[in-house]
Amino acid sequence: MILGLFNNYKEYLKSEVWQNRRDYFIWGESCNICYSKATLAHHRNYKNVGNEKRKDILPLCHPCHDDLHYNQKNLFTKKRCNINLLYEYINEIEEINKGSHNTN
Ligand SMILES: [Zn+2]
Ligand SMILES: [Zn+2]
């Protein structure tokens, strides 16, 4: 994580720096799961936080993002995403959750 000026990830997410970067990443993009308008940028990993590349980011809508984090079963019943991609996204979240006890 390259947070630079920011004390932690939460503070970074609230910052204008991130909000501008997020807007840039989701501009004109569709949700990568259900193809409605993308409204947020999900971090696929935290390696480049503070200096994200396009590949670190997954444009999603809010409902799909909530489901991806908290109700993954829902994604398989309602959404139109390529199922292999869906498994890939879910595995990434599990990797992140496993590593969440590390401080960096
Ligand atoms: Zn969606
Ligand atoms: Zn997310």
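Residues numbered from 1 in each chain as written. Chains lettered and ligands numbered in written order. Predicted model: local features only at pLDDT ≥ 70, side-chain atom pairs only at ≥ 80, totals over all residues.

(A) Region of interest: the overall build of the protein. On a plain count of helices and strands, the protein comes out with five helices and two strands. Ordered by position in the sequence, the α and β elements of the protein form the string α-α-β-β-α-α-α. By the compact-globule yardstick of 13 Å for 104 residues, the protein fits well, its C-alpha radius of gyration being 14 Å. Taken along its principal axes, the extent of the C-alpha atoms in the protein is 40 × 30 × 20 Å. Counting every position in the protein, which comprises 104 residues, the buried fraction comes to 17%. Counting only contacts in the protein whose residues sit at least 6 apart along the sequence, the fraction spanning at least 24 positions is 52%. (Helix = DSSP H or I, 4+ residues; strand = E, 2+ residues; numbered from the N terminus. Rg over C-alpha atoms; globule rule 2.2 N^0.38 Å. Buried ≥ 20, exposed ≤ 12 C-beta atoms within 10 Å, placed from the backbone. Contact = placed C-beta atoms within 7 Å.)

(B) How the structure looks around the pairing of strand 2 (residues 57–60). Covered by surrounding structure in strand 2 are Ile57 and Pro59 together with Leu58 and Leu60, the residues of both alternating faces. Across four bridges, strand 1 (residues 40–43) lies against strand 2 in antiparallel orientation. Looking across to strand 2, one finds that Leu40 is bridged to Leu60. (Pairing = 2+ DSSP bridges.)

(C) Structural context of helix 3 (residues 62–70). Taken as a whole, helix 3 has its buried residues at Cys64, Asp67 and Leu68. In a view along the axis of helix 3, the buried residues occupy a sector of 100°, so they form one face of it. Pointing more than 90 degrees away from the buried face of helix 3 are the exposed residues His62, Asp66 and Tyr70. Residues of helix 3 that are buried in the fold lie against strand 1, strand 2, helix 4 (72–78) and helix 5 (83–98). (Arc of directions from axis to C-beta.)

(D) Looking closely at helix 5. Taking 1.5 Å of rise per residue, 16 residues should cover 22 Å, and helix 5 covers 23 Å from first to last C-alpha, within 8% of that figure. The buried count for helix 5 comes to one of 16 residues, which makes it a mostly uncovered element. (Expected span 1.5 Å × (residues − 1).)

(E) Structural context of the nonpolar core. Listed in full, the twelve residues of the largest apolar core are Ile26, Cys31, Ile33, Ala38, Ala41, Ile57, Leu58, Leu60, Cys61, Cys64, Leu68 and Tyr89. Elements represented by at least two residues in this core include exactly strand 2 and helix 3. Top element by residues in this core is strand 2. It accounts for three residues. Once residues within four sequence positions are removed from consideration, Leu68 is found in contact with His42, Leu60, Leu75, Tyr89 and Ile93. (Core = buried A, V, L, I, M, F, W, Y, C linked by C-beta atoms within 7 Å.)

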